[in-house]
Amino acid sequence: QPAREEQAPAKPGVPGIRHIVAVASGKGGVGKSTTTANLALAMAANGLRVGVLDADIYGPSVPRLFNVSGRPEADSGRVLKPLVGYGIKVMSMGFMVEEETPMIWRGPMVISALTQMLREVAWGDLDVLVVDMPPGTGDAQLTMAQQVPLAGAVIVSTPQDLALIDARKGLNMFKRVDVPVLGIVENMSYFLCPDCGGRHDIFGHGGARAEAERLSVPFLGEIPLTMKIRETSDAGTPIVVSDPEGAMAEIYKDIATKV
Ligand code: ADP
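Residues numbered from 1 in each chain as written. Predicted model: local features only at pLDDT ≥ 70, side-chain atom pairs only at ≥ 80, totals over all residues.

A. Spatial organisation of the overall build of the protein chain. Along the backbone of the protein chain there are 9 helices and 9 strands. Taken over C-alpha atoms, the radius of gyration comes to 18 Å for the protein chain, in line with the 18 Å a tight globule of 259 residues would show. If one aligns the C-alpha atoms of the protein chain with their principal axes, the spans along those axes are about 55 × 50 × 35 Å. The buried share of the protein chain, taken over its 259 residues, is 46%. A sequence separation of at least 24 residues applies to 78% of the contacts in the protein chain between residues at least 6 apart. (Helix = DSSP H or I, 4+ residues; strand = E, 2+ residues; numbered from the N terminus. Rg over C-alpha atoms; globule rule 2.2 N^0.38 Å. Buried ≥ 20, exposed ≤ 12 C-beta atoms within 10 Å, placed from the backbone. Contact = placed C-beta atoms within 7 Å.)

B. Main features of the pairing of strand β4 (residues 88-92). Across the 5 residues of β4, 5 count as buried, placing the element largely inside the fold. Side chains of β4 alternate between two faces, with I88, V90 and S92 and K89 and M91 buried alike. Two elements, strand β2 (residues 50-54) and β4, share 4 bridges in a ladder whose sense is parallel. Looking at β4, one finds that V52 is bridged to V90. Where strand β3 (residues 83-85) and β4 come together, 3 bridges link them in antiparallel fashion. Pairing of V84 across the sheet is with K89, part of β4. A loop of 2 residues connects β3 with β4, the two strands running antiparallel in sequence, and Y86 in this loop sits at a positive phi of about 50°. (Pairing = 2+ DSSP bridges.)

C. Geometry of the site of the ligand. Lining the immediate surroundings of the ligand are 19 residues, of which G31, K32, S33, T34 and R230 lie closest. Mapped by element, the contributors of at least two residues to the shell around the ligand are α1 (32-45), β7 (181-192), β9 (219-225) and α7 (227-234). Here the element with the most residues in the shell around the ligand is α7; it accounts for 4 residues. Of the residues belonging to the shell around the ligand, the class tally is 6 nonpolar, 10 polar and 3 charged. (Near = placed C-beta within 6 Å. Nonpolar A, V, L, I, M, F, W, Y, C, P; charged D, E, K, R; others polar.)

D. View of helix α5 (residues 161-176). Here α5 is 16 residues long and its end C-alpha atoms lie 23 Å apart, about the 22 Å a rise of 1.5 Å per residue gives. One or two steps after α5, the chain reaches D178, where phi turns positive at roughly 60°. (Expected span 1.5 Å × (residues − 1).)

E. Expanded view of the packing of α1 against helix α9 (residues 247-258). Axis separation between α1 and α9 bottoms out at 8 Å; the angle between their running directions is 80°. Classed by the angle they form, the pair α1 and α9 counts as roughly perpendicular. Contact residues: α1 offers N38, L39, A42, M43 and A45, while α9 offers A249, Y252, K253, I255 and A256. A class-by-class count of the residues in the contact of α1 with α9 yields 8 nonpolar, 1 polar and 1 charged. (Axes fitted to C-alpha atoms, helices over the stretch in contact; angles between N-to-C directions. Parallel < 35°, antiparallel > 145°, perpendicular 65-115°, else oblique.)

F. Structural detail: α7. Listed as buried for α7 are I229, T232 and S233. All buried residues of α7 project into a common sector of 95° when viewed along the axis, lining one side. For α7, exposure combined with an orientation more than 90 degrees from the buried face picks out M227 and E231. On its buried face, α7 sits against α1, α2 (62-65), α8 (239-242) and α9. (Arc of directions from axis to C-beta.)

G. Here's a closer look at the pairing of strand β1 (residues 17-24). The element β1 is extensively covered by neighbouring structure, given that 6 of its 8 residues are classed as buried. Pairing between β1 and strand β5 (residues 126-132): 6 bridges, direction parallel. Paired with A22 across the strands is V131, a residue of β5. Bridge count between β1 and strand β6 (residues 152-157): 4 bridges; the pairing is parallel. Among the inter-strand pairings, A22 is bridged to a residue of β6, identified as A153.

H. Examining the nonpolar core more closely. Counting residues in hydrophobic clusters, the biggest one holds 77 residues, and the most contacted among them are L39, A40, V130, V131, A153 and V154. Ranked by residue count, the leading element in this core is α1, at 7 residues. In this structure A40 touches V50, V52, I88 and V130, once residues within four positions along its chain are discounted. (Core = buried A, V, L, I, M, F, W, Y, C linked by C-beta atoms within 7 Å.)

I. Up close: the environment of N67. Looking at the secondary structure, you find N67 in the loop between α2 and β3. Judged by the 13 C-beta atoms lying within 10 Å of it, N67 falls in the partly exposed class. Once residues lying within four places of it in the same chain are set aside, the contact partners of N67 are G85, G236 and T237.

These values are about where atoms sit, not about what they do.
In structure tokens form, the structure reads like this:
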């Protein structure tokens, strides 16, 4: 009987939080944070009580996406009160440090900061806490996936082969720590041209769906590359709040029901 390489640590749940769902990607820049924010807002629009934990310690985008800033206050205990953006409770390392301050922390500090943001924050009662994971599948990510009591993980990928290979690594990382993969989302799936109204498959198309089938994990949906998604997320008014009845919001809401 070979010894298990790593003993799974105890992962006590967080009182009041029903499900913790990670959003991850194998590499940066594929739109993981944009997807996290819009999915969280879509879950809220679908009637759930939602929180967002920005675990992307080295490149926190949640403050900008939810247009919230400032320092969280501690209540009577030493528990921090999350900030609120568009009705969603959010906590991010971005609230604790200046924007230009580089986070030059090693793994153990990242883990203790994350544990604190998870367990020493007054999240209250939530149906879902969505965790924006740091990109990649390194040691920090693995430990994080091990320490957070995750109900499951959503993998965001773009359609290109390269991004998919990285997504596959992400998938295997969660497998290693026995976290179920809830499915793959294909972001920047195709380009919707605002001028000609046409659809262009810039990065090829359907790669993530084929990959999901190959790996026997659910395919959750396709999000197009649009000016509107880029502009609204960079302006801190994600498309699900700025155009709640639009076609893009419907896509996110549909994916949210499958998570
Ligand atoms: P990641 O979290 O993977 O690093 P971000 O969510 O920060 O990626 O997205 C990177 C950039 O791409 C941002 O400027 C964002 O506005 C943009 N972006 C993400 N998804 C889309 C999309 N579907 N259409 C257009 N722009 C997008």
